[in-house]
Amino acid sequence: MTPAKPRSAQTATLAEIAREAGVSAPTVSKVLNGRADVAPATRARVEELLRACGYRRRRAEASRAPLIDLVFHELESAWAMEVIRGVENVARDAGLSVVLSESAGRLTPGRTWADQVAARRPHGVILVLSGLDASQRALLTSRSIPFVVMDPAGDPGDDVPSIGATNWHGGLAATRHLIELGHTRIGAISGPAHMMCSRARVDGYRAALETAGLPVAPDLVRTGDFHHEAGYRLGRALLHRPDRPTAVFAGNDLQALGVYEAARELGLRIPEDLSVVGFDDLPVARWVGPPLTTVRQPLMEMAEAAARLVLDLGRAEAPTAATRIELATSLVVRSSTGVPSA
């Protein structure tokens, strides 16, 4: 006799899922709770049934730990510290702690991470410049663990709540500022090409040039990785050119500092010989000499918004439509930009 199928996505019970999987209800409960004492084949079968029927743990069943999981694509810069401060501000007020982890440069965390989160049962998960694959989303959804992506690397999908910034407008504002100063040969060093934020910033740079009637020279646009070393290496290559640019939009503050170093080595003064604009407005942008003109990305406010959103999603009695929030960027003019020299 064929086993009965679970009734529906909304009404299926653990007992029905257990019967369909050919296991006991306690085994299904172990899978839901991320317990390690379940055979891999059994776990996979139960997980597939949980996904198929859209099972969601009822709020009454969800005894959450007082935690927010914060997952970084890479955890190694002052940029990350601003995000951590923002999440900590909201978590502290809510009486929660923050668990930090890193996906080691991968666009999605590993499967082991998802199982660990399921076992911890935090109030929510915030992923920074990262994302989740379909099975990870289903795993967290079935445990009623809400998640939000901050500054998504790619398209998070219509069903994934996310927090971002107006990157295109920031790239536009940075480049327009340089054009208004009189620069016509403006280089750009983007972040990784697979990241939406870096592509949007360069698209804004191109739009500013085109609307000003200036050519977009492909050989003046270089692809970096948002690290200081890339700014130095690519900045040095741009500045070694006989027709070097008189200004560089560095894509982020760390790459801008790399351009500073390249300019110093080549005997170029900032801003007399070269204007430089960054993006982010990290604290170091105010401290370097000369202080860096940059696009302020409200990182702490973005992180606070992501933390508030994930907690709001956790309080909801039913799933809500995915939310996409973009916070405004703004140009901060300091001393690293000026009129081009004759």
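Please refer to the structure higher up on the page.
Residues numbered from 1 in each chain as written. Predicted model: local features only at pLDDT ≥ 70, side-chain atom pairs only at ≥ 80, totals over all residues. Heavy atoms only, no water.

**Topic: the sheet that holds strand β6 (residues 186-190)**
So, point 1. In space, the 6 strands of this open sheet follow the order β7-β6-β8-β9-β10-β12, with mixed pairing throughout. Of all strands in the sheet, those with a lone pairing partner are β7 (221-223) and β12 (330-332), marking the two edges. Here the average twist between neighbouring strands, direction ignored, is 20°.
So, point 2. As judged from the 4 bridges shared by strand β9 (residues 275-280) and strand β10 (residues 293-296), these two strands associate in the parallel manner. Counterpart to glycine 278 in the pairing with β10 is threonine 294. (Pairing = 2+ DSSP bridges. Helix = DSSP H or I, 4+ residues; strand = E, 2+ residues; numbered from the N terminus. Axes fitted to C-alpha atoms, helices over the stretch in contact; angles between N-to-C directions.)

**Details of helix α12 (residues 299-315)**
Each α-helix winds once per 3.6 residues, and so residues spaced three or four apart point in a common direction.
So, point 1. Its 17 residues give α12 an end-to-end C-alpha distance of 25 Å, which sits within 8% of 24 Å, the value for a rise of 1.5 Å per residue.
So, point 2. Here α12 lies mainly inside the structure; 12 of its 17 residues are buried.
So, point 3. When α12 is considered as a whole, its buried residues turn out to be Leu299, Met302, Ala303, Glu304, Ala305, Ala306, Ala307, Leu309, Val310, Leu311, Leu313 and Gly314.
So, point 4. Among the structural elements, β1 (67-72), α4 (78-93), β3 (124-128), β4 (147-150), β5 (162-165) and β11 (324-327) are those in contact with the buried residues of α12. (Expected span 1.5 Å × (residues − 1). Buried < 20%, exposed > 50% of the residue type's maximum accessible area, 1.4 Å probe, protein only. Contact = heavy atoms within 4.5 Å.)

**Looking at the packing of aromatic side chains**
So, point 1. Within the structure shown, the criterion is met by 0 aromatic pairs.
So, point 2. Between the NZ or CZ atom of arginine 201 and the centre of the ring of phenylalanine 279, over which it lies, the distance is 3.8 Å. (Phe/Tyr/Trp six-rings, centres within 6.5 Å; stacked < 30°, edge-to-face > 60°. Lys NZ or Arg CZ within 6 Å of the ring centre and 35° of its normal.)

**Points about the sheet that holds β1**
So, point 1. What the 6 strands build is an open sheet, ordered β2-β1-β3-β4-β5-β11; its pairing is parallel. Each edge of the sheet is formed by a strand with only one pairing partner; in this case those strands are β2 (97-102) and β11. For this sheet, the mean angle separating the axes of adjacent strands, direction not counted, is 20°.
So, point 2. Those strands touched by α12 are β1, β3, β4, β5 and β11, and its axis lies near 165° from that of β4.

**A short note on the nonpolar core**
Most often, soluble globular proteins keep nonpolar side chains buried together rather than apart.
So, point 1. Counting 36 residues, the largest nonpolar core has Leu70 and Ile126 as the members making the most contacts within it.
So, point 2. When residues of this core are traced back to their parent elements, those giving at least two are β1, α4, β3, β4, β5 and α12.
So, point 3. A total of 10 residues in this core trace back to one element, the largest contributor, which is α12.
So, point 4. Among all residues touching leucine 70, those that are not within four sequence positions of it are Val83, Ile84, Val87, Val98, Val99, Leu100, Ser101, Ile126 and Val128. (Core = buried A, V, L, I, M, F, W, Y, C linked by side-chain atoms within 4.5 Å.)

**A look at a negative patch on the surface**
So, point 1. The grouping of Glu74, Glu76, Glu102, Asp225 and Glu229 at the surface amounts to a negative patch.
So, point 2. Note that glutamate 102 resides in strand β2.
So, point 3. Among the residues examined, glutamate 102 registers a relative accessible area of 42% and is labelled partly exposed. (Patch = residues over 30% accessible without salt bridge, like charges linked within 9 Å, V, L, I, M, F, W, Y side chains within 5 Å. Areas by Shrake-Rupley, 256 points an atom, 1.4 Å probe, with all protein chains shown as cover. Salt bridge = Lys/Arg side-chain N within 4 Å of Asp/Glu carboxyl O. Lys, Arg positive; Asp, Glu negative; His and termini not counted. Charge placed at Lys NZ, Arg CZ, Asp CG, Glu CD.)

**Focus on unusual backbone geometry**
So, point 1. In this structure, proline 271 follows isoleucine 270 across a cis peptide bond, with omega equal to 5°.
So, point 2. For the bond running from glycine 289 to proline 290, omega is -5°, close enough to zero to count as cis.
So, point 3. Looking at where proline 290 falls in the secondary structure, it is placed in the loop between α11 (284-287) and β10.
So, point 4. Phi at arginine 121 is positive, roughly 55°, even though this residue is not glycine.
So, point 5. Mapped onto the fold, arginine 121 is located in the loop between α5 (111-120) and β3.
So, point 6. Phi is positive for aspartate 280, which is not a glycine, with a value near 130°.
So, point 7. With respect to the helices, strands and loops of the structure, aspartate 280 is situated in strand β9.

**Let's talk about the pairing of β1**
So, point 1. Burial analysis of β1 places 6 of its 6 residues in the buried class, the great majority of the element.
So, point 2. Every second residue of β1 is oriented toward a common face, with Leu67, Asp69 and Val71 on one face and Ile68, Leu70 and Phe72 on the other, all of them buried.
So, point 3. Strand direction decides the pairing type here: β1 and β2, joined by 6 bridges, are parallel. Pairing of valine 71 across the sheet is with serine 101, part of β2.
So, point 4. With respect to chirality, the unit in which β1 leads through α4 into the neighbouring parallel β2 is right-handed.
So, point 5. Note: β1 against β3, 5 bridges, orientation parallel. Residue pairing in the sheet places valine 71 in a bridge with leucine 127 of β3. (Right-handed = clockwise from strand over helix to strand, strands pointing away.)

**Here's the deal with the side chain of aspartate 280**
So, point 1. For the buried aspartate 280, no salt bridge is present, and the opposite-charge side chain at shortest range is arginine 201, 4.2 Å distant.
So, point 2. Of the polar contacts made by the side chain of aspartate 280, one reaches the side chain of glutamine 297; its length is 2.7 Å.
So, point 3. Among all residues touching aspartate 280, those that are not within four sequence positions of it are Trp79, Arg201, Asn252, Asp253, Thr294, Val295, Arg296 and Gln297. (Polar contact = N/O pair within 3.5 Å; in protein donor to acceptor, adjacent residues only side chain to side chain.)

**Observations concerning the packing of helix α7 (residues 167-180) against helix α8 (residues 196-211)**
So, point 1. Interhelical geometry of α7 versus α8 gives an angle of 40° and a closest axis separation of 7 Å. Of the possible angle classes, the one that applies to α7 and α8 is oblique. Read as a crossing pair, α7 and α8 show a hand that is right-handed. Residues Asn167, Trp168, Gly171, Leu172, Thr175, Arg176 and Ile179 of α7 touch α8, and the partners they reach there are Cys197, Ala200, Arg201, Asp203, Gly204, Tyr205, Ala207, Ala208, Leu209 and Thr211.
So, point 2. Per-class residue counts for the contact of α7 with α8 are 9 nonpolar, 5 polar and 3 charged. (Parallel < 35°, antiparallel > 145°, perpendicular 65-115°, else oblique. Left-handed = near helix turned anticlockwise from the far one by under 90°. Nonpolar A, V, L, I, M, F, W, Y, C, P; charged D, E, K, R; others polar.)

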